[in-house]
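# Summary of structural features
So the chains spell out like this:
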Number of protein chains: 2
Amino acid sequence: MAVPVWSVDPRTGKQREQVGHEATAADVDAAVRAAAAALPALADRSARAGLLRGAAALLEEHADEVVAAADAETALGTGRLGGELARTAFQLRTFADVVDEGAYLDVIIDHADPDAKPIPRPDLRRYKVPLGVVAVYAASNFPLAFSVPGGDTASALAAGCPVVVKAHPDHPATSALCARLLQRAAVEAGLPAGTVGLVFGFEAGTELVRHPLVSAAGFTGSVAGGRALFDAAAARPRPIPFHGELGSLNPVVVTEAAAAERAEQIAAGLTASFTLGVGQFCTKPGLVLVPAGGPGDRLVAELARAAGEVAPGVLLDGRMRENFLKGAAARAALPGVEVPVAAGDGGGLTVRPGVVVAEAAAFDEPGAYDLLLDECFGPLVVVVRYDGADALESVLGRLPGNLTAAAHIGADEAAAAAGLLARLSALAGRVLVDGWPTGVAVTAAQQHGGPYPATTSTSTSVGATAIERWLRPVAYQDVPEAALPPELQESNPLGLPRRVS
Amino acid sequence: MAVPVWSVDPRTGKQREQVGHEATAADVDAAVRAAAAALPALADRSARAGLLRGAAALLEEHADEVVAAADAETALGTGRLGGELARTAFQLRTFADVVDEGAYLDVIIDHADPDAKPIPRPDLRRYKVPLGVVAVYAASNFPLAFSVPGGDTASALAAGCPVVVKAHPDHPATSALCARLLQRAAVEAGLPAGTVGLVFGFEAGTELVRHPLVSAAGFTGSVAGGRALFDAAAARPRPIPFHGELGSLNPVVVTEAAAAERAEQIAAGLTASFTLGVGQFCTKPGLVLVPAGGPGDRLVAELARAAGEVAPGVLLDGRMRENFLKGAAARAALPGVEVPVAAGDGGGLTVRPGVVVAEAAAFDEPGAYDLLLDECFGPLVVVVRYDGADALESVLGRLPGNLTAAAHIGADEAAAAAGLLARLSALAGRVLVDGWPTGVAVTAAQQHGGPYPATTSTSTSVGATAIERWLRPVAYQDVPEAALPPELQESNPLGLPRRVS
């Protein structure tokens, strides 16, 4: 029996429309085979750049429709979603530029050297080729930028890899709409519609990662879901790379000088950041280390005041709402934890943000307060008061890996903070000073990935280098010019950047 | 009870000397902790370059002793081992140059842009940092170049990662000697001796990959052993990257024109390549596709003649000898397979090389001849006769991933061969024309890695880019100059190559 897929309005909990059906194993197989059949056509770099730019233009052309669908399914608001659409289109165009530039091919040419020591050297020419079909697991919290037309899809297509997306159940209508736009862009660029496939359903997601013709996967979501798929990818007869972004606390350290200088400003920035998008960012600052003493007291008081004034918001779905309310209550119930702002039911299907405060000394008791170091998805922030460097380290030393870590430092502390930043860099892929982690710029130097469980690999899922995840090097040895791919020919007919020995 | 570790002479099967004991869990823990303690000191790039160059010089200074130990344990011969030592020293110095040059840090700087669209852009600066302690699993067949002082160790140290090597049981005395030289080089470079640790024993290898302070692993060896360790690495609470080189058939395709032009020359080159080092190369050409018809007949006849004249040789250990004799006999016993040269006992503990010949049509019967597509470690080559492009594809389509794939083509076939090379590039990490895969040059463009089971990742274990396996990116956002690591400071005090937007 075909299982229907419904679009649900999180503001009411009511079904909006039936979008389609969950994919059977045969459906998944068909989508993967169609994608695999598109691989040769994707070797055409200008067609790929055309697809990416065409998809950006179509998204913008249909912005009203896409944003309306996404808002109806996610309650994230049309303002935020309009921004996300602009960012998604920008990201698609950025990867088109990456394709055109060609540096990602990483061409290295070592000419033969018959006099080389200890032995003569052959002619070797290396570049990168696409891995094959990429499975993309869409996120709940970014229905565009980390979903069907998002960074995993854009970077995989840029690399020359066809994509099959497993849609997130929180926004099936948006997913179907975006997939149609991407397929149209593919066809308009002269590529098969199967270049981008879409499947619905939990079982389909498992089938997908196990399919023999799938060669890599990208994932954004929870630790439990991501780890299960990572394990399935590793257990295959032919294991495949699984680039998963799973979970992150995003710790923030406020120094004593920073708190003394600008407790109010930091509290305001923190409040805006941890409640942004109703706290549903992978980069939400979930743990803030605040110095014990007067300036820290002021910061916490101001944080409580500001957070208490934030309007309640609707979470992405009912299960998340339930998990958030349970998770916030469990943290608040820990002995010795203060609750200046209690998270809770905000009326209707909304939730109110919360602030809980613990002492660093609590972490000396092994395991008792580990719940505070476990990401709570939604608008909750855990403040830990520390008294001196040793107390700070006792908490940092217990932290799992993170996407980001931030320090708020005093005006005269830049040089003195180098050690703290080095310490934070061991815990995270991005280190910020005097800023908040919830914005993730799409640039060449971006790193959106960090030690496990932030990511399951050493890669980034945002920024130009995200393309590296879908490529592998191939070296050609002593191959005559006429038999070489154009990327490696001595005459460099494609005008690629390259390193030549 | 401590389990003794013996050095064994494969020429006699007799124990030579007791080298030490198998490491207990406590021994492994101590080695890993000593390595982890060395991590901060390894941040000094000039100390690392000094360690690598010092290790090269010490290896050369003690060349006679090292080569004698290795020959006594492996029977690979002092000529070959002298060459391997020179290559190993060259490799260590190459990675010292890589450290000095600093391109591996992959510094990317994006300046802030308040006018950027769709949103203002922060200042972002990215470089790469070492992952932490690396576990290295040494190979049997290269007691220097892929063992204690080999490419995994050299590239990990170059990246700034301390190393704990799990020695291969076939050359414990060589391993212990090389570890002492590396430790001396570390101390002379001002680094802790624990920078390079050494453990013996199968159980120790499992303990090592599971140790919480181990952050990555490199492996060269069998599919069964490598897959078991890969699975253990993936199953950890915190999974770690496992870069394993497991097994490879290294297919060679001879075109009809090539066979017609130079059957004798190809047969001679193939014989030298598949029997080099008694067939114990990861890059041994194990499967050769030869055209049906007269020129191919000549090639096979000449191959049989040349291979029949190769002197018997001693394999690395008794278990390998047994496996080789069994494996060669099982292949020869397949129905319809011809055996122009029977591999077998060569007297004493030697083995004679073998050639078996099958028809491509055999592979149309699903599974029946899969044994011929399974690597047989030692001096055996499987020749498959193909009649036309479809028959060739029917075999290529059944091949697993490989380190290398080669084509021998006619003098006028360069342009026509581009399609064949593209096909082979889907099967391997290195594609050669008119050459043999058994030499692996240490250069920037080298790729020694290919689709599974050739490797468990998309990386290379030889060449300058092998360093990438032990690094992860970290981005600094809006960090004041004085708080930045020197690698990322605007003034570029280290003079590093970098990309600046």
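Residues numbered from 1 in each chain as written. Chains lettered and ligands numbered in written order. Predicted model: local features only at pLDDT ≥ 70, side-chain atom pairs only at ≥ 80, totals over all residues. Heavy atoms only, no water.

### Points about the packing of aromatic side chains
Residues and elements named next belong to chain A. The full count for this structure, using the stated rule, is 14 aromatic pairs over all chains. Through pairs of rings, three or more aromatic residues link up here, namely Tyr 137, Phe 219, Phe 230 and Phe 242. One residue, Arg 80, lies across the ring of Phe 142, its end atom 4.4 Å from the ring centre. (Phe/Tyr/Trp six-rings, centres within 6.5 Å; stacked < 30°, edge-to-face > 60°. Lys NZ or Arg CZ within 6 Å of the ring centre and 35° of its normal.)

### Concerning the sheet that holds strand 10 (residues 251-254) of chain A
Sheet strands pair by backbone hydrogen bonding; their relative direction is either parallel or antiparallel. Spatial strand order, 13(A)-16(A)-17(A)-11(A)-10(A)-18(A)-19(A)-20(B)-4(B)-3(B)-21(B): 11 strands in an open sheet with mixed pairing. Of all the strands in the sheet, just strand 13 (338-341) of chain A together with strand 21 (498-500) of chain B have a single pairing partner and so form its edges. The sheet shows a mean angle of 20° between the axes of neighbouring strands, taken without regard to direction. Across 3 bridges, strand 10 of chain A lies against strand 11 (residues 287-291) of chain A in parallel orientation. (Pairing = 2+ DSSP bridges. Helix = DSSP H or I, 4+ residues; strand = E, 2+ residues; numbered from the N terminus. Axes fitted to C-alpha atoms, helices over the stretch in contact; angles between N-to-C directions.)

### Quick notes on the relation of the copies chain B and chain A
Between the two copies, chain B and chain A, the superposition gives an RMSD of 0.0 Å; the rotation angle is 180° and the shift along the axis is 0.0 Å. Look at the turn and shift together and you get a two-fold axis relating the two. Taking C-alpha positions as reference, the residue of chain B nearest the rotation axis is Ala 234 of chain B, located at 3.3 Å. A shared binding surface is used by both copies, with 100% of the interface residues of chain B retained as interface residues in chain A. (Least-squares fit on C-alpha atoms with pLDDT ≥ 70 in both. Contact = heavy atoms within 4.5 Å.)

### A short note on the packing of helix 9 (residues 256-275) of chain A against helix 10 (residues 294-308) of chain A
All names here are of chain A. Axis separation between helix 9 and helix 10 bottoms out at 8 Å; the angle between their running directions is 20°. With respect to each other, helix 9 and helix 10 are oriented roughly parallel. Between helix 9 and helix 10 lies a crossing whose hand is right-handed. Together, Glu 256, Ala 259, Ala 260, Ala 263, Glu 264, Ile 266, Ala 267, Leu 270, Thr 271 and Phe 274 of helix 9 and Pro 295, Gly 296, Arg 298, Leu 299, Glu 302, Leu 303, Ala 306 and Ala 307 of helix 10 make up the contact between the two elements. Tallied by class, residues from the contact of helix 9 with helix 10 come to 12 nonpolar, 2 polar and 4 charged. (Parallel < 35°, antiparallel > 145°, perpendicular 65-115°, else oblique. Left-handed = near helix turned anticlockwise from the far one by under 90°. Nonpolar A, V, L, I, M, F, W, Y, C, P; charged D, E, K, R; others polar.)

### Let's talk about the domain arrangement of chain A
All names here are of chain A. The domain boundaries assigned to chain A delineate domain 1 (21-103 + 129-246 + 456-474) and domain 2 (251-433). Taking the mean C-alpha position of each, domain 1 and domain 2 sit 32 Å from one another. At the boundary of domain 1 with domain 2, total buried surface from both sides reaches about 890 Å², with 59% on carbon and sulfur atoms. Three residues stand out in domain 1 for area buried against domain 2, namely Asn 141, Asp 170 and Glu 245, and they jointly supply 42% of the buried area on that side. Connecting domain 1 to domain 2 are 0 salt bridges. Between the two partners, domain 1 and domain 2, sit 1 residue pair in polar contact (both at pLDDT 80 or more). (Domains from an automatic or database assignment. Buried area = accessible area lost by both parts, 1.4 Å probe. Salt bridge = Lys/Arg side-chain N within 4 Å of Asp/Glu carboxyl O. Polar contact = N/O pair within 3.5 Å; in protein donor to acceptor, adjacent residues only side chain to side chain.)

### A closer look at a negative patch on the surface
On the surface, Glu 256, Glu 338, Glu 359 and Asp 387 of chain A cluster together to form a negatively charged patch. Take Glu 359 of chain A: it is sitting in strand 16 (residues 354-359). (Patch = residues over 30% accessible without salt bridge, like charges linked within 9 Å, V, L, I, M, F, W, Y side chains within 5 Å. Areas by Shrake-Rupley, 256 points an atom, 1.4 Å probe, with all protein chains shown as cover. Lys, Arg positive; Asp, Glu negative; His and termini not counted. Charge placed at Lys NZ, Arg CZ, Asp CG, Glu CD.)

### Quick notes on the sheet that holds strand 8 (residues 214-220) of chain B
Residues and elements named next belong to chain B. On the basis of which strands lie adjacent, the open sheet formed by 5 strands has the order 7-6-5-8-9 and parallel pairing. Sheet topology places strand 7 (196-199) and strand 9 (242-245) at the edges, where each strand pairs with a single neighbour. Geometrically, the sheet is characterised by an average inter-axis angle of 15° between neighbouring strands, direction not taken into account.

### A look at the pairing of strand 3 (residues 107-110) of chain A
Residue and element names in this part refer to chain A. Residues Val 107 and Ile 109 line one face of strand 3 and the alternating positions Ile 108 and Asp 110 line the opposite face, and both faces are buried. With 3 bridges connecting them, strand 3 and strand 21 (residues 498-500) associate as parallel partners. The partner of Ile 108 across the bridge, within strand 21, is Arg 499. As judged from the 3 bridges shared by strand 3 and strand 4 (residues 124-130), these two strands associate in the antiparallel manner. Of the residues in strand 4, the one forming a bridge with Ile 108 is Arg 126. (Buried < 20%, exposed > 50% of the residue type's maximum accessible area, 1.4 Å probe, protein only.)

### Structural notes on the side chain of Asp 317 of chain A
Residues and elements named next belong to chain A. One can find Asp 317 in the loop between strand 12 (313-314) and helix 11 (318-332). Buried and unpaired, Asp 317 has no salt bridge, with Arg 319 as the nearest side chain of opposite charge at 4.4 Å. In this structure the side chain of Asp 317 is engaged in a polar contact, spanning 2.7 Å, whose partner is the backbone nitrogen of Met 320.

### Quick notes on the interface of chain B and chain A
Between chain B and chain A, the contact holds 59 residues from the first and 59 residues from the second. When the buried surface of chain B facing chain A is broken down by residue, Ala 445, Arg 472 and Gln 477 of chain B rank first, second and third, together holding 12% of it. At the boundary of chain B with chain A, the tally comes to 30 residue pairs in polar contact (both at pLDDT 80 or more). Only helix 4 (78-101), strand 3 (107-110), strand 4 (124-130), helix 8 (223-235), helix 13 (418-425), strand 19 (428-433) and strand 20 (471-477) of chain B provide two or more residues apiece to the side of chain B that touches chain A. At 7 residues, strand 20 of chain B tops the list of elements feeding residues into the side of chain B that touches chain A. Of the residues belonging to the side of chain B that touches chain A, the class tally is 38 nonpolar, 8 polar and 13 charged.

### Looking at the UniProt feature "domain: Aldehyde dehydrogenase" (unreviewed entry) in chain A
Under the feature "domain: Aldehyde dehydrogenase" (unreviewed entry), the UniProt entry names residues 8-390 of chain A. A helix fraction of 44% and a strand fraction of 21% characterise residues 8-390 of chain A, whose end C-alpha atoms lie 49 Å from each other. (UniProt positions renumbered as here; feature names shortened; annotations may be inferred.)

### Here's the deal with helix 8 (residues 223-235) of chain A
The terminal C-alpha atoms of helix 8 of chain A lie 18 Å apart, and with 13 residues this matches the ideal 18 Å at 1.5 Å per residue to within 8%. Within the span of helix 8 of chain A, buried status applies to Gly 226, Arg 227, Leu 229, Phe 230, Ala 232, Ala 233 and Ala 234 of chain A. Those residues of helix 8 of chain A hidden inside the fold are in contact with strand 5 (133-137), helix 7 (202-210), strand 8 (214-220) and strand 9 (242-245) of chain A together with helix 8 of chain B. (Expected span 1.5 Å × (residues − 1).)

### A short note on the packing of helix 3 (residues 63-74) of chain B against helix 4 of chain B
Residues and elements named next belong to chain B. Running from amino to carboxyl end, helix 3 crosses helix 4 at an angle of 130°, the nearest separation of the two axes being 9 Å. One element, helix 3, and the other, helix 4, form an angle in the oblique class. Remark: the crossing between helix 3 and helix 4 carries right-handed chirality. Along the contact surface, helix 3 presents Ala 63, Val 66, Val 67, Ala 70, Asp 71 and Thr 74, while helix 4 presents Thr 78, Leu 81, Gly 82 and Leu 85.

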